[in-house]
Amino acid sequence: ALRAQSPSTLAGRALKAYEAGKPEQAAKLYKKALKGNLGGELAAILHFNVGTCDLFLHDEEAVKELSLAATGRNTMVRSNALLNLAHAYYAGERRPEALAALRTILIENPGDRKAIVFYEWILRQKPPTKPPPKKPLKKPPPKNNPPDVLKQLPMPLPKELQEQIPKPMKTPPGMKPW
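Remember, predicted model here, so these are calculated numbers, not experimental data.

Analysis parameters
Residues numbered from 1 in each chain as written. Predicted model: local features only at pLDDT ≥ 70, side-chain atom pairs only at ≥ 80, totals over all residues. Heavy atoms only, no water. Patch = residues over 30% accessible without salt bridge, like charges linked within 9 Å, V, L, I, M, F, W, Y side chains within 5 Å. Areas by Shrake-Rupley, 256 points an atom, 1.4 Å probe, with all protein chains shown as cover. Salt bridge = Lys/Arg side-chain N within 4 Å of Asp/Glu carboxyl O. Helix = DSSP H or I, 4+ residues; strand = E, 2+ residues; numbered from the N terminus. Contact = heavy atoms within 4.5 Å. Axes fitted to C-alpha atoms, helices over the stretch in contact; angles between N-to-C directions. Parallel < 35°, antiparallel > 145°, perpendicular 65-115°, else oblique. Left-handed = near helix turned anticlockwise from the far one by under 90°. Nonpolar A, V, L, I, M, F, W, Y, C, P; charged D, E, K, R; others polar. Expected span 1.5 Å × (residues − 1). Polar contact = N/O pair within 3.5 Å; in protein donor to acceptor, adjacent residues only side chain to side chain. Buried < 20%, exposed > 50% of the residue type's maximum accessible area, 1.4 Å probe, protein only.

K.L.:
Before we move on, could you go through a nonpolar patch on the surface and cite the residues and values that matter?
P.N.:
Judged by side-chain polarity, Leu157, Leu161 and Ile165 come together as a nonpolar surface patch covering roughly 240 Å² of accessible area. Positionally, leucine 157 belongs in the loop between helix 8 (149–152) and helix 9 (159–164).

The following block contains the structure:
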């Protein structure tokens, strides 16, 4: 006989799947547990677990789930959710949001060593630089082929007409030809 499993049973199975190196299966079980309309801290913990699985899988849903987990009242869950959220933001090339999540942790708990180390590490990384705008390619200048002189010359006259043309005069003595 099939019966509905309680959220805590599903969460227990999800934890075993995660520990066995099956984060996809764990995420599905945690999501199924969340459908039990849980409120308060249990929901925050389950959102944290789903977000952590999604982060491990490089799924963009990690940001949404970890943000939901960070709204809980449990300071430990909130702090860990914000730390993982910072990792998700940084992995998604959202450096300012990652630093903001870490600052939130450090405001609430100035001695949080993991947050301090990650915050300082991000600050030491060079911020991504935007590539310079691409300049439109200039058209190469047209190839200047030398003009074909033979095509520019007039066609020679037929022989009959050439004979009719008077011969140039001889240069008189003492004069230079052009």
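K.L.:
Just give me the short version of the environment of histidine 87, but keep the residues and values in it.
P.N.:
Mapped onto the elements, histidine 87 comes out in helix 5 (residues 75–91). Separated by twelve residues in sequence, histidine 87 and leucine 99 have C-alpha atoms that sit 9.7 Å apart. Here histidine 87 is in contact with Leu55 and Phe118, once residues within four sequence places are set aside.

K.L.:
Explain the packing of helix 5 against helix 6 (residues 95–108) to me, and be specific about the residues and the numbers.
P.N.:
Describing two packed helices takes the angle between their axes plus the distance from one axis to the other. In contact at an axis separation of 7 Å, helix 5 and helix 6 are set at 160° when each is read in the N-to-C sense. Taken together, the axes of helix 5 and helix 6 lie roughly antiparallel to each other. Along this stretch, helix 5 crosses helix 6, giving a crossing that reads as left-handed. Of the residues in helix 6, those in contact with Arg78, Ser79, Leu82, Leu83, Ala86, Tyr89 and Tyr90 of helix 5 are Arg95, Glu97, Ala98, Ala101, Leu102, Thr104, Ile105 and Glu108. Partitioning the contact of helix 5 with helix 6 into residue classes produces nine nonpolar, two polar and four charged.

K.L.:
Break down helix 7 (residues 113–124) for me, with residues and values.
P.N.:
For an α-helix the count is 3.6 residues per turn, leaving residues at separations of three or four pointing the same way. In a regular helix each residue adds 1.5 Å, so twelve residues correspond to 16 Å; helix 7 covers 17 Å between its end C-alpha atoms and thus fits that length. Tucked inside the fold, the buried residues of helix 7 contact helix 5 and helix 6. N-capping of helix 7 is provided by aspartate 112, with a side-chain oxygen placed 3.2 Å from the backbone N of lysine 114.

K.L.:
Explain the pattern of salt bridges to me, using residue names and the numbers behind them.
P.N.:
Taken as a whole and judged by the stated rule, the model has three salt bridges. We note a salt bridge from glutamate 61 to lysine 64, for which the minimum N-O separation is 3.3 Å. Separated by three residues within a single helix, glutamate 61 and lysine 64 lie in helix 4 (residues 61–69), roughly one turn from each other. Owing to a relative accessible area of 46%, lysine 64 belongs among the partly exposed residues under this scheme. A salt bridge links glutamate 97 to arginine 94; the nearest nitrogen and oxygen atoms lie 3.5 Å apart.

K.L.:
Provide a residue-level description of the packing of helix 5 against helix 7, including the pertinent values.
P.N.:
At a minimum axis separation of 11 Å, helix 5 and helix 7 run at an interaxial angle of 20°. Classified by the angle their axes make, helix 5 and helix 7 are roughly parallel. Crossing hand, helix 5 versus helix 7: left-handed. For the pair helix 5 and helix 7, contact is made by Leu83, Ala86, His87 and Tyr90 and by Lys114, Ala115, Phe118, Trp121 and Ile122, respectively. Split into classes, the residues belonging to the contact of helix 5 with helix 7 amount to seven nonpolar, one polar and one charged.

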